[in-house]
Amino acid sequence: MRPGIVVPVLDDARAVILHRPHPTVAALSRQLRAIGLTVETHWPDLRAEAITADYIFFDADLGHDAQFPWRPGQSPMPLIALIGSEAPGRIEWALSQGATGQIIKPVGDSGVFSALLIARQAFDARKAQEAAIADLRGRLSERQTIVQAVALLARGNRDETVAYNQLRQMAMAWRVTIEDAAQRVVSHGGHGPAIRDLCPTCGGKGLARPA
Amino acid sequence: MGRRDIEIGLLFSRHGSYALIGEAGRTGALRAIEAVNSDPALDVTFHPVERDPRGNIDAYQPLCADILEATAARHVIGTTTSWSRKEIIPTLERAGGTLWYPCPYEGFEASDHVVYTHACPSQHLVPLMDWAVPRFGGRGYLVGSNYIWGWESNRVARDLILAAGGQVLGERYLPIGDTDIERMIDEVRATRPDFVLNSLIGPSSYEFLAAMKAKAGSVPILSCNLTECELPAMGQVAEGLISSGPYFRGARGWPASDGIDFGSSFEAAAWLAVRMLADLLAHRPGAERMKLQDLLASSRAELYGIDRATNHLTLPVLIAEIRGGRFEIIARRDAVAPDPYLSRRQRGEAPSRPSLTVVSR
């Protein structure tokens with residue numbers, strides 16, 4: 001069975017349209033209200049309450065960075081670009097804002113529902129990817145720490161495989177990531193309590209060479 | 001004061017795989033036109049401009065354009081499949097025309113060039129599943145014709161079934177007109193579902209019902225699109241079929257009908273479209289050229305229960321079972337608001353919704 005699309009909660013969701021008064025705004029508002037959203041229009045800048053909107057539609061033709069109270073690409077909600085002029089420069093700017101949906105002007109009778117679904121799906125996916133990438137970056141930057149920790153644990157003629165296994169056991173016993181365990185080991189360095197005392201439950205085990 | 005002569009388009013297929021539905025809609029529209037033309041309280045006389053796409057999807061757009069370009073008609077009653085409706089909407093937008101669409105459909109549309117006078121999923125599929133799952137169980141098998149009606153009805157049904165803790169045992173589609181239903185029947189027999197949701201149309205559906213009766217007779221079959229108008233084609237094999245719709249023959253409560261009886265909900269919905277249009281145009285010279293939004297900005301439109309945000313109507317919901325060759329109503333709700341995007345039930349409305357009244361069982 002194919003997995004279903006998650007239809008976001010749209011009833012009473014709030015949409016903010018950042019666009020000068022124009023028939024486009026009326027057509028867009030009509031579609032949004034038909035779907036069940038409440039609609040506000042802001043121009044020329046987003047007012048403070050925009051920060052809690054569920055979706056923001058913005059004019060890609062006359063828009064500029066200073067209209068948004070966050071840095072480009074950092075919006076806390078999905079952005080949908082209203083594109084009139086399909087000039088590469090304007091599309092580039094809309095993308096730099098982090099738009100995950102688009103509607104071509106003039107806005108007619110349809111297109112808003114799919115834009116909402118696609119923008120939400122892409123926004124959530126991007127957020128999840130950003131979180132995953134930040135996590136992976138963190139781990140990558142800790143690689144050096146793990147090398148140091150293994151070297152410390154390997155002091156006294158134990159080989160590195162054994163030392164690495166011990167580090168893993170420490171991480172498991174402490175219920176932390178191996179990167180965090182490595183940091184603890186390194187922060188104790190050659191000073192203070194003996195490394196083996198750092199982890200009473202696994203201190204003596206796993207230290208012997210495998211037969 | 002003299003009567004205004006107003007042309008209105010009728011775009012129903014009288015041939016092809018869903019001709020029975022087209023004929024039902026055409027009958028309803030013509031009945032209403034006749035009634036309007038002889039109503040002394042109205043100052044309009046309707047002249048039907050008929051085109052028959054003969055069930056050919058590629059004929060709808062040119063014929064609709066022909067009505068809007070070659071005649072003075074701005075309002076068109078008709079189309080049966082969602083596919084054909086979607087084909088002509090761009091033409092309506094360009095010409096400033098309006099379609100009055102008298103069939104149940106799968107929702108997720110609210111064109112401001114269309115008035116939807118039949119049911120959307122909050123008025124057929126949602127109440128049908130709410131009714132059926134507690135009675136029959138949650139293990140469903142879904143069949144449908146290979147276009148948007150079948151696909152989206154089954155997607156919504158899948159969501160409803162899973163939300164109710166049920167399970168979808170299978171999902172199969174056939175091209176419109178195809179009658180190769182063996183595999184579906186074999187799968188139904190193999191999976192023994194608690195019910196089958198049938199969103200097939202035309203001959204595919206008739207063939208499926210016949211084979212189910214012969215080979216899997218005990219499995220309840222549910223439908224949101226079968227009505228009296230297809231009984232002649234279905235015959236005996238339709239006995240026991242359960243269908244949901246806003247009207248079945250003899251039911252009370254159809255908007256503005258004043259006790260008139262209709263052959264089916266397709267006929268009733270097309271009748272209502274013409275009747276409502278006449279009321280909106282009467283005593284408003286030039287109204288036949290108004291934009292739909294302006295035309296509907298009238299207290300007369302409200303009397304018909306139209307939701308101005310979506311151009312859909314508040315309608316009764318009836319669930320009926322075919323017994324002795326007629327649809328017998330077994331549950332009903334009197335007035336269900338349209339919710340074409342099914343967005344209004346998402347925020348915890350489901351438990352508080354009034355349940356269907358069981359009429360008999």
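Residues numbered from 1 in each chain as written. Chains lettered and ligands numbered in written order. Predicted model: local features only at pLDDT ≥ 70, side-chain atom pairs only at ≥ 80, totals over all residues.

Participant: So what exactly am I meant to see when it comes to the overall build of chain B here?
Facilitator: Along chain B, the regular secondary structure elements total eleven helices and 15 strands. By the compact-globule yardstick of 21 Å for 361 residues, chain B fits well, its C-alpha radius of gyration being 20 Å. Dimensions of chain B along its principal axes, counting C-alpha atoms only, are 65 × 40 × 35 Å. Counting only residues that meet the buried cut, chain B has 53% of its 361 residues in that class. Intrachain contacts of chain B at a sequence separation of at least 6 include 70% that bridge at least 24 residues. (Helix = DSSP H or I, 4+ residues; strand = E, 2+ residues; numbered from the N terminus. Rg over C-alpha atoms; globule rule 2.2 N^0.38 Å. Buried ≥ 20, exposed ≤ 12 C-beta atoms within 10 Å, placed from the backbone. Contact = placed C-beta atoms within 7 Å.)

Participant: Is there a simple way to explain the overall build of chain A in this structure?
Facilitator: Looking only at helices and strands, one finds seven helices and five strands in chain A. Across chain A, helices and strands are ordered from the amino to the carboxyl terminus as β-α-β-β-β-α-β-α-α-α-α-α. Residue burial in chain A is summarised as follows: out of 211 residues, 30% are buried.

Participant: Where do I start with the domain arrangement of chain B in this structure?
Facilitator: Residues and elements named next belong to chain B. As far as domains go, chain B holds domain 1 (4-118 + 254-314) and domain 2 (122-248 + 316-358). Computed over C-alpha atoms, the centres of domain 1 and domain 2 are 26 Å apart. Tallying the contact residues gives 28 residues for domain 1 and 29 residues for domain 2. Of all the elements in the fold, those that place two or more residues in the side of domain 1 that touches domain 2 are α1 (19-37), α3 (82-95), α9 (265-281) and β12 (312-313). (Domains from an automatic or database assignment.)

Participant: I keep staring at the interface of chain B and chain A and nothing clicks. Help me out?
Facilitator: When the parts come together, some accessible area is lost, and that loss is often what is quoted as the size of the interface. Counting residues at the interface gives 18 residues for chain B, matched by 15 residues for chain A. Elements with a contribution of two residues or more to the side of chain B that touches chain A: α3 and α5 (148-163) of chain B. Of the residues forming the side of chain B that touches chain A, the biggest block, three residues, is contributed by α5(B). Class assignment of the residues belonging to the side of chain B that touches chain A gives a composition of six nonpolar, five polar and seven charged. (Nonpolar A, V, L, I, M, F, W, Y, C, P; charged D, E, K, R; others polar.)

Participant: What is the right way to read the packing of helix α4 (residues 143-153) of chain A against helix α5 (residues 160-174) of chain A from this model?
Facilitator: To describe two helices that pack against each other, one gives the angle between their axes and the distance between the axes. Residues and elements named next belong to chain A. As a packed pair, α4 and α5 sit with axes 8 Å apart at the nearest point and diverge in direction by 110 degrees. Regarding the angle of α4 to α5, the classification is roughly perpendicular. Note on packing geometry: the crossing formed by α4 with α5 is right-handed. Counted together, Ala149, Val150 and Leu153 of α4 and Glu160, Ala163, Tyr164, Gln166 and Leu167 of α5 form the full contact between these two elements. For the contact of α4 with α5, the residue count by class is six nonpolar, one polar and one charged. (Axes fitted to C-alpha atoms, helices over the stretch in contact; angles between N-to-C directions. Parallel < 35°, antiparallel > 145°, perpendicular 65-115°, else oblique. Left-handed = near helix turned anticlockwise from the far one by under 90°.)

Participant: How should I be thinking about the nonpolar core in this particular structure?
Facilitator: In summary, soluble globular proteins display a tendency toward joint burial of nonpolar side chains. Counting 148 residues, the largest nonpolar core has A:Phe57, B:Ala29, B:Ala273 and B:Val274 as its most contacted members. Counting residues per element, this core draws most heavily on α9(B), which supplies 13 residues. Dropping the residues within four chain positions of it, B:Ala29 is found in contact with B:Leu10, B:Ile77, B:Ala270, B:Trp271, B:Ala273 and B:Val274. Counting ten residues, the second largest nonpolar core, distinct from the first, contains A:Ala149, A:Ala171, A:Ala181 and A:Val185. (Core = buried A, V, L, I, M, F, W, Y, C linked by C-beta atoms within 7 Å.)

Participant: In this structure, what is going on with the sheet that holds strand β1 (residues 14-18) of chain A? I would like to understand it.
Facilitator: Within a sheet, adjacent strands bond to each other through the backbone by hydrogen bonds, running parallel or antiparallel. All names here are of chain A. Read across the sheet, five strands follow the order β2-β1-β3-β4-β5 without closing on themselves; strand pairing throughout is parallel. Edge positions in the open sheet fall to β2 (38-42) and β5 (101-104), since each of these has one partner strand only. Direction aside, the axes of adjacent strands within the sheet are offset by 20 degrees on average. Pairing of strand β4 (residues 79-83) with β5 involves four bridges; the strand directions are parallel. From the neighbouring strand, Ile83 faces β5, where its bridge partner is Ile104. (Pairing = 2+ DSSP bridges.)

Participant: Honestly, the domain arrangement of chain A in this entry has me stumped. Any pointers?
Facilitator: According to the domain assignment, chain A consists of domain 1 (14-137) and domain 2 (142-198). Relative to domain 2 of chain A, the C-alpha centre of domain 1 of chain A lies at a distance of 48 Å.

Participant: Before we go on, may I ask you to explain the confidence of the model for chain A in this structure?
Facilitator: When pLDDT drops low, the exact placement of atoms in the prediction is not to be read closely. Mean pLDDT over chain A works out to 87, with 87% of the residues at or above the 70 mark. With pLDDT under 50 throughout, residues 203-211 of chain A is counted as low confidence; its partners more than four residues away or in other chains account for eleven contacts. (pLDDT = per-residue confidence, 0-100.)

Participant: Quick question: what am I supposed to make of α4(A) here?
Facilitator: Think of an α-helix as turning once every 3.6 residues; residues three or four places apart then point the same way. Those residues of α4(A) that sit buried are A:Ala149, A:Val150 and A:Leu153. Within α4(A), the buried residues cover an arc of 100 degrees as seen down the axis, which keeps them to one side. (Arc of directions from axis to C-beta.)

Participant: Explain α5(B) here, please?
Facilitator: Residues and elements named next belong to chain B. In this model, α5 (16 residues) spans 22 Å end to end at C-alpha, consistent with the 22 Å of a helix rising 1.5 Å per residue. Among all positions of α5, only Trp149, Gly150, Ser153, Asn154, Val156, Ala157, Arg158, Leu160 and Ile161 are buried. If you follow the buried residues of α5, they end up packed against α3, α4 (125-136), β6 (139-145), β7 (167-174) and β8 (195-199). Of the residues flanking the end of α5, it is Gly165, one or two places downstream, whose phi is positive at about 85 degrees. (Expected span 1.5 Å × (residues − 1).)

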